Structure formats: structure tokens, C-alpha cells
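Okay, here's what each chain looks like letter by letter:
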Amino acid sequence: MARGEGAEQLPPTLLPSVKHIAQDGLGTAKKGKEKKAKKNLSVWSKLCYAIGGAPYQITGSALGFFLQIYLLDVAQLDPFYASIILFVGRAWDAVTDPTVGFLVSRSPWTRHGRMMPWILLSTPFAVISYFLIWVVPPVENGKVVWYLIFYCLFQSLQTCFHVPYSALTMFISSEQNERDSATAYRMTVEVLGSVIGTAIQGQIVGGANAPCLNHTSSLNDSVLQPSSEVNTSHVSLDDTKHAYMLASGVISIIYVLCTAVLFLGVREQKKVQRKADRHLSFVEGLRLLQTHGPYVKLVAGFLFTSLAFMLMEGNFALFITYTLGFRNDFQNILLVIMLSGALTIPLWQLFLNRFGKKTAVYIGISWAIPFMILVVCIESNLVVTYIISLAAGFSVASGVLPAVVDASGRVSLGISTLSLHFAGYVTRGCVQPDSVHLTLKMLVSAAPVSLIILGLLIFMSYPINEQRRQHNRSQLQALLRDSSEQDSDTSESSDLGSAV
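The shown structure was predicted, so the numbers you read here are calculated from the model rather than taken from an experiment.

## So, the overall build of the chain
Logical step 1: Tallying secondary structure elements over the chain gives 20 helices and two strands in all.
Logical step 2: Counting across all 500 residues of the chain, residues that qualify as buried make up 44%.
Logical step 3: In the chain, 82% of the contacts between residues at least 6 apart in sequence involve partners at least 24 apart.
Logical step 4: On the chain, roughly 25500 Å² of surface is accessible, and the fraction owed to carbon and sulfur atoms is 64%.

Shown next as C-alpha cells:
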């Protein structure tokens, strides 16, 4: 019913006053706008949005658990060169994250939105580069350059996907409650994505695990021969290479399907956020973050705890394979950890609601410490290892860490791989030097435990507890409501001027 309809019903001499128009015509329009603004997202839209977050977690878990052992034992790179690939790739990712974020924020609006074109255009190239990471090139001298190029390229393209996807939360609804609900859907799917990535990569690769090689001479002139496993196993190194390619192909297909579901099921809204008076520059925003004490302490605490979990994640497959000797079971042990973490999420959610986020972080992250110590102290026993992995997985759900520190964790993986080089790691060797076993124990136990303790000490100085968080949240919601009402009043004044 707006201004045109009211003007047609009455002759010019009997037109109501401007005040009457504001009360009748614009009042109805206001109600219509409020009804439209408060329209809830459907469950289908939330699910489609959540599914869009799965590719990042699926590829991340596959790379996190398996890339290091793939470069060392399948691509047969020297640990020194493997460390360069891991280090440079993640350092490059730390550069592309803010760069892509800046470019996305300055992107023009299109008929598909502002964020969706980034997601759509990056997907096919990201899938191709991801697949090529798991291909062993036929040229021996070009392996390092091959992996360095495609690993860095994939990190850049995945950033072009994940940064706008994360920002898409603010453009799917004008209601904060709906955005929070969609975020909860997303976090659930992301946890499942980590499990799926570990399961697909691990089970496919684990079924084609080539036997290790035995030393037949001294380290200075070492000759490696297939172990006795070759008599009972017909799996060759080429079969293992094909298994990695098959796993990457399956994950690539899932990547594309998730992107298609996101595009078809989510509509990006143009006028969701209140337009700011002035955009902060990148330098200004960075300066504000660096001078905000609670934020700095929070990031520092999560930095050290994330380094701990990522060190263990990247080196645990090697530790299980060589130090514990469970070469044919490492993929199942990793899957048990991820499944245990996923299944205990509801319990941690109840704990968080009851005792608050700060307490949940303390208890959840601390829970992993005794099991990190125990796994390197006990004798090699498969059943006990499964039990420890099951118990240690309880802390995975509580230790879901921000992506802001992900790059630092991956850089640490490059440094840890370099330490294996100095320890004398032997590619596919059935028996590794004692220095390698000691290094792996340090990387999955001593170093992570030390980093966790340091992170928890920093968390102790974090000033925001549950009561203060709830107070800040209520104040922020009140501020958002006032801002929304102010925008509505401005819109009414504009409509009133048009009516007059």
C-alpha cells in the first residue's frame, strides 16, 4: 500500500494531512519492512551455508595429518626440502590472508553478490591445484619446485574461498540471532568435515601402504631393500602414489559439490549491514587490534595452544608409524582421535553453557596434557594406543582454535620437519636412528605440553570472564537495536519526503 495507492483512492481536495499519511500509509509500509527484515532463514538455507564450510576443513585435515609423511615417504623428498615446502607454503598463506581480505572488502557488488563470485571463481583452480599437490611428478629434479608452486597456489586460492565465505555470515540475514544460528550449523559441519577429511584420506591411503625398507649397510653408504613385508604384501610404492591421487580426487569432487550447494542454496543480501560513516584502513584496523589488551592476550594464548596441537597433528602420523611401529594402523588411530572429538562436542557444549568459555578452555585443553605424556612413556601396545587416542580426542572438540593463528602453526610444522633432517631421518626406513625417535617424541609430547602450559598461563591474565562476557554481549545487542531503530527512522523520513 504505499503512497501511490493512497493517492488514487481520494481526490486532491480530500487528501489527508501529511501526519495522517505517516500514520496510515507509511505505518503499513514500516510494518511490511519490519516483517521482511525479521524473516527467518530456513533450515535449508542454514544447511547450505554450513556445507560451504566443509571444503576448508576437509582439505585442511588431509594436509595437516598426511602431507608431511607424503612428502617424505611417497614423494621421497629430503626432510630439508620438505621443510622448505611446508614453511614457505604457510608463510605465503599468512601474506595472502590479509591481502585477500582487503581486496574482498573493496569488491563491487554483482548480481550474485560480493562474496559469491570469489568463492565460485576460485573453486575450479583450487581443486586442480589441490589434486596436483598429491601427484608425484615424473621429473626427479623438479619435485621441490612442483610442490612449492602448487602448495602455495592452493593456499592462495583457498584463501580466496574461505575469507569471503567467512564474511558471508554478515550478508545472509539482517538478524543477529539468525546469523548466530547459521554459524552454529557451520561449526557443526566443519567438525564433521575434519572427520571426513581424515577418514577419506586415511582409509584410502592406508589400504595401499607400501612396505618399509631395511638397511643393509652403514649410514655412509646405505642401501635399502624391501622388508619381509614384501613377501606378504603386493603393494608397491606406485600403488601408494595412486592411492593418494584417488583420495585427493574424491576430496576434490566433494569440494566442488559443497561449493555448488552453497551457491544454489544461499542468497547474499545486499543491504544487511548498517553503512559505516567511514571505512577504517588496513593499518588503522591493525593498530586498533594491537592496542586492545584483551584481544592481544587472547590471540597470544591461542597462538601457543594452537602451535601445540598443530605440532602434534603434523608429526603424529610419523610418530605412530616409526616410533610406535604401527605402520598399518596409523590412519585408524588418527580417525579414532577425530571421531572421539566430534562425538564429545555436545558434552563440551553443555559444559561451556554451565561453566563458561574460559573454564571450558582451561579444562578442555589441559585434558590433553597427561595423554601427550603417556603416549611416549608407555611401551608400544596397539590396544593401549587406541585407548589413549580415544581419551585424548576429548580435548579436540574444546580445542577448536581460530584460523587467525593457523598459519603460525603450519610454519612450525616446517620447522619441525627440518629438525627431522638434522636428526638423520631415513625415507621409508623400517628402522630409524634413535635421534629420530627422540625428535618425534619431543615434537608430539614435550614441545606441545610446554606450549600448552605457556598458553594457559597467558589465558589466566585474560580479563574477560563469563559474567563480563554476558554483560558485553547484552550491551552490544542493545547498541545494535538502537542502530537498527535509527536506520528505520531515517528510512521513514525518506519515505515521508517522497510521499509529500
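This is not the end of the story, as more comes after the structure.
## Examining the pattern of salt bridges
Logical step 1: Throughout the structure, instances matching the rule amount to three salt bridges.
Logical step 2: In this structure, Glu140 engages Lys143 in a salt bridge whose closest nitrogen and oxygen atoms are separated by 3.2 Å.
Logical step 3: Note on Glu140: relative accessible area 54%, which makes it exposed.

## Let's talk about the side chain of Ser248
Logical step 1: Counting through the fold element by element, Ser248 comes out in helix α10 (residues 237-265).
Logical step 2: Those residues in contact with Ser248 that sit more than four places away from it in its chain are Tyr130, Phe131, Trp134 and Gln201.

## Points about the packing of helix α5 (residues 54-74) against α10
Helix packing for two helices is described by the angle between their axes and how far apart those axes are.
Logical step 1: In the contact formed by α5 and α10, the axes pass within 11 Å of each other and the chain directions differ by 165 degrees. When the axis of α5 is compared with that of α10, the two are roughly antiparallel. For the crossing formed where α5 meets α10, the hand is left-handed. Contacts between α5 and α10 involve Ala54, Pro55, Ile58, Thr59, Ala62, Phe66, Ile69, Tyr70, Asp73 and Val74 on the former and, on the latter, Leu237, Thr240, Lys241, Tyr244, Ile251, Ile254, Tyr255 and Cys258.

## Observations concerning unusual backbone geometry
Logical step 1: We note that Gln76 has phi near 60 degrees; this positive angle belongs to a residue other than glycine.
Logical step 2: Of note, Gln76 is situated in the loop between α5 and α6 (79-105).
Logical step 3: What makes Gln76 partly exposed here is its relative accessible area of 36%.

## As for the environment of Lys441
Logical step 1: As for its placement among the helices and strands, Lys441 is situated in helix α19 (residues 434-460).
Logical step 2: The exposure class assigned to Lys441 is partly exposed, which follows from its relative accessible area of 33%.
Logical step 3: Each C-alpha atom of the pair Lys441 and Met372 lies 9.5 Å from the other, and the pair is 69 residues apart in sequence.
Logical step 4: Beyond its immediate sequence surroundings of up to four residues, Lys441 is in contact with Phe319, Thr323, Val376 and Ala446.

## Observations concerning the packing of aromatic side chains
Logical step 1: Counted by the stated rule, this structure contains 18 aromatic pairs.
Logical step 2: Ring centres of Phe351 and Phe355 lie 4.7 Å apart, and the angle between their planes is 40 degrees; on these two criteria the pair is classed as tilted. Taken as a pair, Phe351 and Phe355 lie in helix α14 (residues 345-355) at a separation of four residues, close to a single helical turn.
Logical step 3: Here Trp367 and Phe371 contribute two aromatic rings whose centre-to-centre distance is 5.8 Å and whose plane-to-plane angle is 40 degrees, an arrangement assigned as tilted. In this pair, Trp367 and Phe371 both sit in helix α15 (residues 357-377), four residues apart, roughly one turn of the helix.
Logical step 4: The partly exposed category is assigned to Trp367, whose relative accessible area is 36%.

## A look at the packing of helix α13 (residues 330-343) against helix α16 (residues 382-392)
Logical step 1: Axis separation between α13 and α16 bottoms out at 8 Å; the angle between their running directions is 30 degrees. It follows that α13 is roughly parallel to α16 by the angle criterion. Here α13 runs over α16; the crossing is right-handed. Taking contact as the criterion, the partners of Asn332, Ile333, Val336, Ile337 and Ser340 in α13 are, on α16, Leu382, Thr385, Tyr386, Ser389 and Leu390.
Logical step 2: Its residues assigned to classes, the contact of α13 with α16 comprises six nonpolar, four polar and no charged.

## A look at the nonpolar core
Logical step 1: Ranked by internal contacts, the top residues of the largest apolar core, which has 103 residues, are Leu67, Tyr70, Leu71, Trp134, Leu168 and Phe316.
Logical step 2: In this structure Trp134 touches Ala62, Leu63, Phe66, Leu67, Tyr70, Gln201, Tyr244, Met245 and Ser248, once residues within four positions along its chain are discounted.

## Observations regarding a nonpolar patch on the surface
Logical step 1: On the surface, Ile453, Leu454, Leu457 and Met460 cluster together into a nonpolar patch covering about 380 Å² of accessible area.
Logical step 2: Within the element layout of this structure, Met460 appears in helix α19.

## Digging into α13
Logical step 1: For α13, with 14 residues, the first-to-last C-alpha span of 20 Å sits near the 20 Å given by 1.5 Å per residue.
Logical step 2: By the criterion of burial, α13 is predominantly enclosed, with 10 of the 14 residues buried.
Logical step 3: Among the residues of α13, those classed as buried are Phe330, Gln331, Ile333, Leu334, Leu335, Ile337, Met338, Ser340, Gly341 and Ala342.

## Quick look at the environment of Leu257
Logical step 1: In this fold, Leu257 is placed in helix α10.
Logical step 2: Leu257 gets classed as exposed once you look at its relative accessible area, which sits at 53%.
Logical step 3: The spatial distance from the C-alpha of Leu257 to the C-alpha of Ile51 is 9.3 Å, given a sequence separation of 206 residues.

Definitions and limits used
- Residues numbered from 1 in each chain as written.
- Predicted model: local features only at pLDDT ≥ 70, side-chain atom pairs only at ≥ 80, totals over all residues.
- Heavy atoms only, no water.
- Helix = DSSP H or I, 4+ residues; strand = E, 2+ residues; numbered from the N terminus.
- Buried < 20%, exposed > 50% of the residue type's maximum accessible area, 1.4 Å probe, protein only.
- Contact = heavy atoms within 4.5 Å.
- Areas by Shrake-Rupley, 256 points an atom, 1.4 Å probe, with all protein chains shown as cover.
- Salt bridge = Lys/Arg side-chain N within 4 Å of Asp/Glu carboxyl O.
- Axes fitted to C-alpha atoms, helices over the stretch in contact; angles between N-to-C directions.
- Parallel < 35°, antiparallel > 145°, perpendicular 65-115°, else oblique.
- Left-handed = near helix turned anticlockwise from the far one by under 90°.
- Phe/Tyr/Trp six-rings, centres within 6.5 Å; stacked < 30°, edge-to-face > 60°.
- Nonpolar A, V, L, I, M, F, W, Y, C, P; charged D, E, K, R; others polar.
- Core = buried A, V, L, I, M, F, W, Y, C linked by side-chain atoms within 4.5 Å.
- Patch = residues over 30% accessible without salt bridge, like charges linked within 9 Å, V, L, I, M, F, W, Y side chains within 5 Å.
- Expected span 1.5 Å × (residues − 1).

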